[in-house]
Structure formats: C-alpha cells, structure tokens
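# Observations on the model geometry
For reference, the chains in residue letters:
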Number of protein chains: 2
Amino acid sequence: MPKIVRERHDAIPALAEVFREHGFEGASLSLISERTGLGKGSLYHFFPGGKDEMAAAVLADVATWFESNVFAPLRNDADPRKGIGHMLTAVETYFQSGMRICLVGAFALGDARDRFAESIHRYFAAWRDALGDALVRAGLERKEAKERAEEIVAAIQGAIVLARALGEPAPFRRAMRRIRAMVMR
Amino acid sequence: MPKIVRERHDAIPALAEVFREHGFEGASLSLISERTGLGKGSLYHFFPGGKDEMAAAVLADVATWFESNVFAPLRNDADPRKGIGHMLTAVETYFQSGMRICLVGAFALGDARDRFAESIHRYFAAWRDALGDALVRAGLERKEAKERAEEIVAAIQGAIVLARALGEPAPFRRAMRRIRAMVMR
DNA sequence: GTCTATAGATCGATAGAC
DNA sequence: GTCTATCGATCTATAGAC
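Heads up: these notes are all about the structure in this document. (Residues numbered from 1 in each chain as written. Chains lettered and ligands numbered in written order. Predicted model: local features only at pLDDT ≥ 70, side-chain atom pairs only at ≥ 80, totals over all residues. Heavy atoms only, no water.)

Attention now goes to the nonpolar core. Counting residues in hydrophobic clusters, the biggest one holds 137 residues, and the most contacted among them are A:Trp127 and B:Trp127. Those residues in contact with B:Trp127 that lie beyond four places of it in its chain are B:Phe66, B:Val70, B:Phe71, B:Leu74, B:Met87, B:Val91, B:Phe95, B:Val153, B:Ile156 and B:Gln157. (Core = buried A, V, L, I, M, F, W, Y, C linked by side-chain atoms within 4.5 Å. Buried < 20%, exposed > 50% of the residue type's maximum accessible area, 1.4 Å probe, protein only. Contact = heavy atoms within 4.5 Å.)

Around DNA strand D, the structure places 15 residues, and the nearest of them are A:Leu29, A:Tyr44, A:Lys51, B:Gly39 and B:Gly41. Across the atoms of DNA strand D situated within 4 Å of the protein, the share located in sugar and phosphate is 61%. A distance of 3.3 Å separates a phosphate oxygen of DNA strand D from a polar side-chain atom of A:Ser30. If you list the elements that add at least two residues to the surface near DNA strand D, you get α2 (29–36) and α3 (40–46) of chain A together with α3 (40–46) of chain B. By residue class, the composition of the surface near DNA strand D is six nonpolar, seven polar and two charged. (Near = heavy atom within 4 Å. Polar contact = N/O pair within 3.5 Å; in protein donor to acceptor, adjacent residues only side chain to side chain. Helix = DSSP H or I, 4+ residues; strand = E, 2+ residues; numbered from the N terminus. Nonpolar A, V, L, I, M, F, W, Y, C, P; charged D, E, K, R; others polar.)

In total, this model carries 32 salt bridges over all chains according to the counting rule given. Two residues, A:Arg173 and A:Glu92, come together in a salt bridge whose shortest N-O distance is 3.7 Å. With A:Arg173 in helix α9 (residues 170–184) and A:Glu92 in helix α5 (residues 80–94), this residue pair connects regions lying 81 residues apart in the sequence. By relative accessible area, A:Arg173 is classed as partly exposed at 45%. In this structure, B:Glu151 and B:Arg148 form a salt bridge, with 3.1 Å as the shortest nitrogen-oxygen distance. Within this pair, B:Glu151 and its partner B:Arg148 are both found in helix α8 (residues 142–166), separated by three residues, close to a single helical turn. Through salt bridges with shared partners, a single ionic network connects A:Glu144, A:Glu147, A:Arg148, A:Glu151, B:Arg177 and B:Arg178. (Salt bridge = Lys/Arg side-chain N within 4 Å of Asp/Glu carboxyl O.)

Surveying the vicinity of DNA strand C reveals 15 residues, the closest of which are A:Gly39, A:Gly41, B:Leu29, B:Tyr44 and B:Lys51. Taking the atoms of DNA strand C that fall within 4 Å of the protein, sugar and phosphate contribute 62% of them. Here A:Ser42 contributes a side-chain N or O atom positioned 3.4 Å from a sugar or linking oxygen of DNA strand C. Contact between DNA strand C and B:Lys40: a base nitrogen at 3.0 Å from a side-chain N or O atom of the residue. Every element with two or more residues in the surface near DNA strand C is listed here: α3 of chain A together with α2 (29–36) and α3 of chain B.

Turning next to helix α4 (residues 51–76) of chain B. Compared with an ideal rise of 1.5 Å per residue, which puts 26 residues at 38 Å, α4(B) spans 36 Å between its outermost C-alpha atoms and is within 8% of the ideal. Largest kink in α4(B): about 45°, centred on B:Glu67. (Expected span 1.5 Å × (residues − 1). Bend = angle between axes of the 7 residues up to and from the residue.)

If you look at the interface, chain A gives 36 residues, while chain B gives 36 residues. Here chain A meets chain B over a buried area of about 3300 Å², counting both sides, of which 58% is carbon and sulfur. Across the contact surface, chain A and chain B share eight salt bridges. A salt bridge links B:Glu147 to A:Arg178; its shortest N-O distance comes to 3.2 Å. Put simply, chain A and chain B have 10 residue pairs in polar contact (both at pLDDT 80 or more) between them. Secondary-structure elements contributing two or more residues to the side of chain A that touches chain B are α1 (12–26), α6 (103–109), α7 (117–137), α8 (142–166) and α9 of chain A. Of the residues forming the side of chain A that touches chain B, the biggest block, 14 residues, is contributed by α8(A). Per-class residue counts for the side of chain A that touches chain B are 16 nonpolar, seven polar and 13 charged. (Buried area = accessible area lost by both parts, 1.4 Å probe.)

The analysis is restricted to geometry; functional conclusions fall outside its scope.
In structure tokens, the structure reads:
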C-alpha cells in the first residue's frame, strides 16, 4: 500500500504496526523501511537517533492517543460510569478484541523494558490512576477503587495475552463484558 | 557462575532464563553461549536445530513443569480448593511475584508466536481446562467454571505485565490474594 | 529529502582440529 | 564433546550523490 510521508509524524502508524507485530528486536530497519515506504536515509533524517528514537516516538504517540481517548474521558466525564464505558469501547476497538496486542505491555515483558522503562511505567500508572479516579467518583472508597482499577487494567492486559495465545478474540470479549458488569453493578 | 553440562537437559534452565530476559529475537547465540557456559559447537551438538530447537526444548520443559506442579494437582487433588491453593502458591513462587515473566505469555505477544503457536496454545488451553475442571468439582456449573478459569489465567498473566511495567511485585501479590478470595468464597 | 552504496559489527550456523 | 576459526547473511548506522 502506498504511503504519503511528508513529515515524521506520517510514518508513526506504520512504525507502530511493525513494532507491534515483530517486537523491538524483531523490527529490523529493512522491514521498517519496507513497511513505511521510506529508505534508510529518510528514516535517519526523520529519526536521527535510529531505532530507539522510532520506538520512543511510537510510544509517545500511543501515550497521546490514550491520554485523549481513554484517560481524559475517565477523569473528566461528568458521569464516571459513562467514562468507563467509553474506555471499554475505545479499548475493544483499539486492541481489535485482543487480536492486536498492546505495544506497551509487550515491551514491558520483553527486552525493551529497561530501555523504555519510564514511558512504560508512566503509561500504566496513568491508566490505573485515571480509572481509579473514575471509580472514586462512582462512589467507591479510595483504597477499594485503587485496587479495582489495578485489577481491571491487569485483566485487559491478560485478556490480550490469552486471546493471542489461543488465537481467538472470544476471551478478550468476555473479559470486557465481565469488566462492564463489574463496574455497572 | 560455573555450569556443569553433561547432557542437553542440563542446559535448559540457563536457556530458559536467557529467553525470558531477552525474548526469542534478543537471545543471541553468543549470549546463550556465555550464559550456558557452552561453546557454539557444543550447543549445536545438543541442539542440531539451532535456536529454534533450544526454544522448543525450553517450552517443552516449562510445559512438563506446569503439568506436574500445577495442572495435575488441579485435576487430581481430592479437594479441588486445595488444588487451586496449591496452584496459586506454585505460581507465586515460579513467577517470583511477577518479577519473573511467563515465557509462554511473552512469546504469545511477540514475534515468536507463529513459530511456537501450537506449544503456546496447548499450554494455555491445558491450564484453563485443568482449572475449569477443579472449579466444576468445587461446585460451579460447567459454563460458569470455564469462564472463571479463563478469567483467573488471564488475571495472572495481566498481573505479570503490570508488575513488570511498574517494577514492583505488589500488583502481582494483590492479584493472587484476590483470586484466592474469589475461589475460597 | 530521498536514494544507493557500503561500512563495521554481529547474527545464526558450520567445519575441523583435538 | 568441546573448542576456535570462520562462513555468508543480516544487522544498525553512515556517507555522499542527486
């Protein structure tokens, strides 16, 4: 498929897919070049820091997307339950019912963890805290809310692992349904 | 640390640690050689199929360990709740409260998934089914038991992701405590 | 900005001496 | 069985023409 790349940002989606499919180590520059439609010269023009900078840019883009589409609604929606419902819908679409992995979660399990430790930590802490806030506003006691938030974020990550391992989206979909039921109760 | 390697099997623990720490792609033969204490010649003597065969041997070893220490107790313990309690204790030790990742889960998220799809599928299906059996014997209806088993296996995997991402064992320990409470209820 | 060519290191894997 | 030496391929990254 043809790609129009005029600035660095245009290459990010293709970069993200390559890192998701092959991991940090598995994403070779030749593969990246092929999938972005950019020669190595262009890649190093946009990302002088090489593969590290490409992955960092992808992580930053993911963080921005989640901040806008998941965390902010959790914190700001007048009805916290609506914010959580919004999160679940967004997450189900984003992860394609578990058939598309969470790049940050995969990095957390792999060799790239130390390299991007701060970004990874920030992503999960922000998610957990935003969800915890929503649960407090929904009426839960603070300590209970924090633990529930942690449980839900972990459940989503685990559902992705299981869905990918079994090769079917059903475990992910069931997990989303369980979370929805738990929250709306 | 010195290693005594007389047969193929003696190299498996070191191999497993290298694959766990660096992933399939990240585990280079020179790193494997260093950590097992075996030269490349010896490695290819024991594993003629190269890195693929090494990883396959590790996965087989993991499967055997879980079969003996986790799945069999789940299926055979006269008191199914005791079997589940045994599973949780074994898992907490094995994964070092989330500071040691699940190799099969990490492979499921990474590039190695396609290569070892069958082993990965079998591992998670066996775990889910053995736990489901135990829950049926504990009195749950079959459909409810299957869903609970899936939920628990996913919760463990998600707890590992979160613990690794946040760099602390607490999320994993809390998840184990929640599962225990859910089952014993 | 984008390309080709290529450097320099490291990859997985093999050969052959011992 | 284990080692050293080394193969060809591939890796990340750079240089320089256009």
